[in-house]
Amino acid sequence: MGQDVLGVDYEAIRLTLDDDAEGEVVATLVRRPCPGSRKAVLYIHGFTDYFFQTHLADFYVERGYSFHALDLRKYGRSLLDHQTPNFAHSMSDYFPEIDEAVRLIREDHDTLLVNGHSTGGLVSALWADRVRGRGLVDGLFLNSPFLELNVPAGVRRTLTPVVRVLAKGRPKMAIPAGVSRSYVHSIHRDHDGEWDFDLTWKPAEGFGVRAGWLSAIIKAQRQVKAGLAIDVPVLVMASTTTVRGRNGDFSTGDGVLNADDIARWSTRLGRHVTCVRVESGLHDLVLSAAPVRAKVFEELDRWLTAYL
C-alpha cells in the first residue's frame, strides 16, 4: 500500500493475480476512506480508461461512502510493460480482481455499491449476476454501460461470425474500429475539455480494438440480451442523445455508444432497474458540462437515498 498518483487523499493497493499467457498480472485498488463509514462504493472504469475522476470520489465521500476504484488488469496503474494494453479473452477475466477488491472492502463495510462505466458497466453487471444471492453487493450504478456495439444491426450480423473466427486463430489481431480521438479531445483540458488525465493511460487514439477482446464483448452483450437476474436495485444512466460521425459535436451527447441501445437493453439486467436519460450527457456522464453533471449527481443522490 502507498500513496496514489492522485495525492495524499488516496491510497493505492496492488493486487497480485494469477499469471496469464503474457506473464505477471496485477490490478490496482485505489482507496479514499471516509472515516467511521460502514458504506462503500467500488468504481470500475471503461475501455481505454482508468480512475481519475476525483470529483466523483468527492460526491460519494460527502455522502458518507468510503470510495474505492479498481484499475483492472492491463489498464492504467495496472498496465505492465510486457502486456497487451486493455486486452482480455473474456469479460470474466476481470472477476478475480473484483472478487478480491470486494473481499477487502467487505472487511470494514456493511453496504457496497458498485459503480461501473461503459465496459466497466458491462463487466459490473455480469459480475453482479454471477454473485447474486451471496449478499456481496447492495446496489449497482451503471454510467453509460456498454450493452451494445454502436454499429448498425446489419453490420453486427456480418461482423460477429468473422470476429469469432479471428478470435480463435488470431485473438490479438487489430480490428479497424475504435473511438474517435475527438471524444478524448472534447474532455481533456489541453483541447476542448476541462479534465486533466494521463494521456499515456487514456490516449486520444486509444490502444486499438483486438479480435479476441471484441469477441468477448459480443459474447458478454449476448448474455445481457438473454437476460440477467441481478438481485439488487440497478440504476442505469445514459444520455438522451447519440453523437453521430467523427466530426459530430461531442459536447452534446454520447459520442461513443448508442444511448438508445443502452436504455433498451437495460431492462434485461434484472427485475428492479431504474433508467434515467440525461439531456446533453457525455459518454462518461460525470465528465459532462457542470449543469449536466449536477443533474447526474442529483439523480444519483435521489436513487441512493431511496434504495441504499
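For the structure, check the block above.
What comes next concerns the included structure. Numbering of residues starts from 1 in every chain and runs along the sequence as written. Note on the predicted model: pLDDT of at least 70 is required for a residue's local features to be given, and 80 or more for side-chain atom pairs to be given and counted; whole-chain, interface and lining totals, by contrast, use all residues. Hydrogens and water molecules were not included; the side-chain quantities draw on all heavy atoms of the structure.

1. Brief notes about the overall build of the chain
Helices and strands together make up the secondary structure of the chain, namely eight helices and eleven strands. Across its three principal directions, the C-alpha atoms of the chain cover 55 × 45 × 40 Å. Note on classification: 1.4 Å probe, protein chains only; a residue is buried when its accessible area is under 20% of the maximum for its type, exposed when over 50%, partly exposed between these limits. Across the 308 residues of the chain, 56% fall into the buried class. The sign given to each residue is positive for Lys and Arg and negative for Asp and Glu; His and the chain ends receive no count. By convention, the charge on Lys lies at NZ, on Arg at CZ, on Asp at CG and on Glu at CD. Within the chain, one finds 36 positive and 39 negative side-chain charges whose respective centroids are separated by 8 Å. Under the DSSP-based scheme used, a helix requires at least four consecutive residues in state H or I and a strand at least two consecutive residues in state E, with every element numbered from the N terminus.

2. Structural notes on the packing of aromatic side chains
Pairing of aromatic side chains requires ring centres within 6.5 Å, counting the rings of Phe and Tyr and the six-membered ring of Trp. Pairs whose planes differ by under 30 degrees are stacked, by over 60 edge-to-face, and all others tilted. Here the structure, examined in full by the defined rule, presents 14 aromatic pairs. Centroid distance tyrosine 60 to phenylalanine 67: 6.1 Å. Interplanar angle 25 degrees. Geometry classified as stacked. No difference in accessibility class separates tyrosine 60 from phenylalanine 67, as the two residues are buried. Seen in terms of ring centroids, tryptophan 303 and tyrosine 307 are 5.9 Å apart; in terms of plane orientation they differ by 50 degrees. Their pairing is tilted. Within this pair, tryptophan 303 and its partner tyrosine 307 are both found in helix H8 (residues 290–307), separated by four residues, close to a single helical turn. Assessed through its relative accessible area of 4%, tryptophan 303 is described here as buried. Members of the aromatic cluster, connected to one another through ring pairs, are Tyr10, Tyr43, Phe51, Phe59, Tyr60, Tyr65, Phe67 and Phe297. For a ring to carry a charge above it, either NZ of a lysine or CZ of an arginine must fall within 6 Å of the ring centroid while also lying within 35 degrees of the normal to the ring plane. Geometry around phenylalanine 87 places lysine 172 over its ring, the cationic atom sitting 5.6 Å from the centre.

3. Regarding the side chain of arginine 156
Checked against the element boundaries, arginine 156 lands in helix H4 (residues 153–169). The contact partners of arginine 156, leaving out residues within four places of it in the chain, are Glu148, Leu149 and Val151. Any pair of residues with heavy atoms lying within 4.5 Å of one another is described as a contacting pair.

4. Re helix H3 (residues 119–130)
How far a helix is expected to stretch is found by multiplying one less than its residue total by 1.5 Å. With twelve residues, H3 ought to run about 16 Å at 1.5 Å a step, and its terminal C-alpha atoms sit 17 Å apart, in line with that. The element H3 is largely enclosed, with a buried count of eleven among its twelve residues. For H3, the full list of buried residues reads Thr119, Gly120, Gly121, Leu122, Val123, Ser124, Ala125, Leu126, Trp127, Ala128 and Asp129. Check the buried side of H3 and you find it contacts strand E4 (39–44), helix H2 (95–106), strand E6 (111–117), strand E7 (139–143) and helix H6 (211–226).

5. Here we look at H6
The end-to-end C-alpha separation of H6 is 23 Å, in line with the 22 Å expected for 16 residues at 1.5 Å each. Where H6 is concerned, the buried positions are Ala211, Gly212, Trp213, Leu214, Ser215, Ala216, Ile217, Ile218, Ala220, Gln221 and Val224. Looking at the buried positions of H6, the neighbouring elements they touch are H3, H4, strand E8 (174–175), strand E9 (209–210) and helix H7 (259–266). At the C-terminal side of H6, glycine 227 shows a positive phi close to 110 degrees.

6. Digging into the environment of lysine 172
Examined against the element boundaries, lysine 172 turns out to sit in the loop between H4 and E8. With 37 residues separating them in the primary sequence, lysine 172 and valine 209 have C-alpha atoms 8.6 Å apart. Leave out the neighbours within four places in its chain, and lysine 172 touches Glu22, Thr84, Phe87 and Arg210.

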